[in-house]
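Geometric and topological summary
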Amino acid sequence: IAEFEQVKPEQIICGNGAAELFFSLTLAQKPKKALIFAPTFQEYEQALRSVDCEIIYHYLHVGNKFQMQEIPPELDHSIDMVFFCNPNNPTGILTGRNILEKLLQKCEQVGAILVVDECFLDFTGMAQDYTMKDLLLHSKNLFVVKAFTKTFAIPGLRLGYGLSGNYELLQRVRNVTQPWNVSVPAQAAGIAAVREKDFLEITVRAVEQERKFLLEQFSKVSSDENKLFFIQVYGYAANFIFFRSISGLAQKFKQNRILIRNCGNFPGLTEGWYRIAVRTRQENERFVQVLY
């Protein structure tokens, strides 16, 4: 992992998927008050609730296309921890490095830990331009999380990792993590995965190609005046597409044995917001058939 991410081995902690790292980190820090940008991955909230942490939401609005425009006024000295997902799940929005650096600076000023979830970043094909990992040696307030689950498509084996330059924080996280949390098969799969030098590049190209195909189909639906429903696409930086349409669309696809993510239960979203995965051409064509 150190070679793959170009970091020091002592900056790495492995987990039973990224989710375990969120829970172990909150258990190690026991934050009293945390800030979450919404809508976003719901396990941040679950991890914080497990230590009875008060959660403050900063809502990203559709009017701003779910982009963070400025540092939230809620981020003050009462905040102990901040979670930020880039690109965000479920919105698929990629946030610029400049605004994240400002967010980190503010966290340093108020004494908060900034947890940046980069689990989907490799799918953008621009990871080197957006990752925060090069700042690990410069800030003890930064904790970056990634996962083999997404990047190398091994979800059942559960292998994630955290990166930090705060060695005291890493030790506290280790102290609250269960022993032997990463299985031998997961370790073997991880070692094999990072040796596949071309896999990620091939994956990114495939995602770009199929994402383009799906977006073209969405565009056709949106321009068809005879359609009974609409589709408005908002985010697609990763290997999924986030869009708005009519209520009940997920049920329509389910009747055709296709599952799409109904995002109506995310804080900050309502019924009518959806996320679909970018899959193989055969699967995507089947999706399009139901779409029409």
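Description of the structure in this document. (Residues numbered from 1 in each chain as written. Predicted model: local features only at pLDDT ≥ 70, side-chain atom pairs only at ≥ 80, totals over all residues. Heavy atoms only, no water.)

**A short note on the pattern of salt bridges**
Taken as a whole, this structure holds 10 salt bridges when the rule is applied. The partner of K197 in a salt bridge is E3, with the nearest N and O atoms 4.0 Å apart. Remark: E3 occurs in helix α1 (residues 2-5) and K197 occurs in the loop between α8 (184-195) and α9 (199-223); sequence separation between them is 194 residues. Comparing K197 with E3, the two get one shared label, exposed. The closest approach of N and O atoms between D134 and R97, which form a salt bridge, is 2.9 Å. Residue D134 is located in the loop between α5 (127-130) and β6 (142-147), and its partner R97 is located in helix α4 (residues 97-110); the two are separated by 37 residues in the primary sequence. (Salt bridge = Lys/Arg side-chain N within 4 Å of Asp/Glu carboxyl O. Helix = DSSP H or I, 4+ residues; strand = E, 2+ residues; numbered from the N terminus. Buried < 20%, exposed > 50% of the residue type's maximum accessible area, 1.4 Å probe, protein only.)

**Brief notes about the sheet that holds strand β8 (residues 232-235)**
If you walk across this open sheet you meet the 4 strands as β8-β9-β11-β10, and the pairing is antiparallel. Whereas interior strands pair on both sides, the edge strands pair on one side only; in this sheet they are β8 and β10 (261-262). Summarising the sheet, strand β9 (residues 240-244) and strand β11 (residues 273-277) pair through 5 bridges and their orientation is antiparallel. For F240, the partnering residue across the bridge sits in β11 and is A277. (Pairing = 2+ DSSP bridges.)

**Examining the packing of aromatic side chains**
In this description, a pair of aromatic rings is defined by centroid distance and the angle of the planes. For the coordinates displayed, the defined rule picks out 22 aromatic pairs. Ring geometry for F148 versus Y161: centroids 5.6 Å apart, planes at 65°, classification edge-to-face. Separated by 13 residues along the polypeptide, F148 in helix α6 (residues 148-151) and Y161 in strand β7 (residues 160-164) bring together distant segments of the chain. Across from the ring centre of F240, 5.7 Å away, lies the NZ or CZ of R275, which sits over that ring. Between R281 and the ring centre of F213, over which it is positioned, the NZ or CZ distance is 4.1 Å. (Phe/Tyr/Trp six-rings, centres within 6.5 Å; stacked < 30°, edge-to-face > 60°. Lys NZ or Arg CZ within 6 Å of the ring centre and 35° of its normal.)

**Overview of the pairing of β11**
Within β11, 4 of the 5 residues are buried, which leaves the element mostly enclosed by the surrounding structure. Examined bridge by bridge, β10 and β11 share 2 bridges and lie antiparallel to one another. By the bridge assignment, N262 is partnered in β11 with Y274.

**With respect to the sheet that holds strand β4 (residues 81-85)**
Read across the open sheet, the 7 strands follow the order β1-β7-β6-β5-β4-β2-β3; overall the sheet is mixed. Each edge of the open sheet is held by one strand with a lone partner, namely β1 (12-15) and β3 (54-59). Each strand axis lies, on average, 20° off the axis of its neighbour in the sheet, ignoring direction. Summarising the sheet, β1 and β7 pair through 4 bridges and their orientation is antiparallel. Within the sheet, the bridge partner assigned to C14 lies in β7 and is Y161. (Axes fitted to C-alpha atoms, helices over the stretch in contact; angles between N-to-C directions.)

**Comments concerning the pairing of β6**
Burial analysis of β6 places 6 of its 6 residues in the buried class, which makes it a mostly covered element. What you see with β6 is no split at all: L142, V144 and K146 on one side and F143, V145 and A147 on the other are buried throughout. Relative to β6, strand β5 (residues 113-117) runs parallel, the two being bridged by 4 bridges. By the bridge assignment for β6, V116 is matched with V144. As judged from the 5 bridges shared by β6 and β7, these two strands associate in the antiparallel manner. Directly across from V144, in β7, lies its bridge partner L163.

**Looking at the packing of helix α2 (residues 17-29) against helix α7 (residues 167-176)**
Direction vectors running N to C along α2 and α7 enclose 105°, while the axes themselves pass 8 Å from each other. With respect to α7, the axis of α2 lies roughly perpendicular. Facing α2, whose interface residues are S24, L25, L27, A28 and Q29, α7 presents L169, R172, V173 and V176. A class-by-class count of the residues in the contact of α2 with α7 yields 6 nonpolar, 2 polar and 1 charged. (Parallel < 35°, antiparallel > 145°, perpendicular 65-115°, else oblique. Contact = heavy atoms within 4.5 Å. Nonpolar A, V, L, I, M, F, W, Y, C, P; charged D, E, K, R; others polar.)

**Here's the deal with the environment of F120**
Among the secondary structure elements, F120 is positioned in the loop between β5 and α5. Between the C-alpha atom of F120 and that of R257, which follows or precedes it by 137 residues, the distance is 26 Å. Every residue in contact with F120, bar those within four places of it in the chain, is listed here: P87, N89, K150, A238, N239 and F240.

**Structural notes on unusual backbone geometry**
Of all residues except glycine, most have a negative phi; of all peptide bonds, most are trans. The omega torsion across A38 and P39 is 0°, close enough to zero to call that bond cis. Relative to the assigned elements, P39 resides in the loop between β2 (33-38) and α3 (43-49). Residue P90 is reached from N89 by a cis peptide bond, and omega for that bond is 25°. Structurally, P90 is set in the loop between β4 and α4. With a phi close to 60°, R158 is a non-glycine residue in the positive phi region. In this structure, R158 sits in the loop between α6 and β7.

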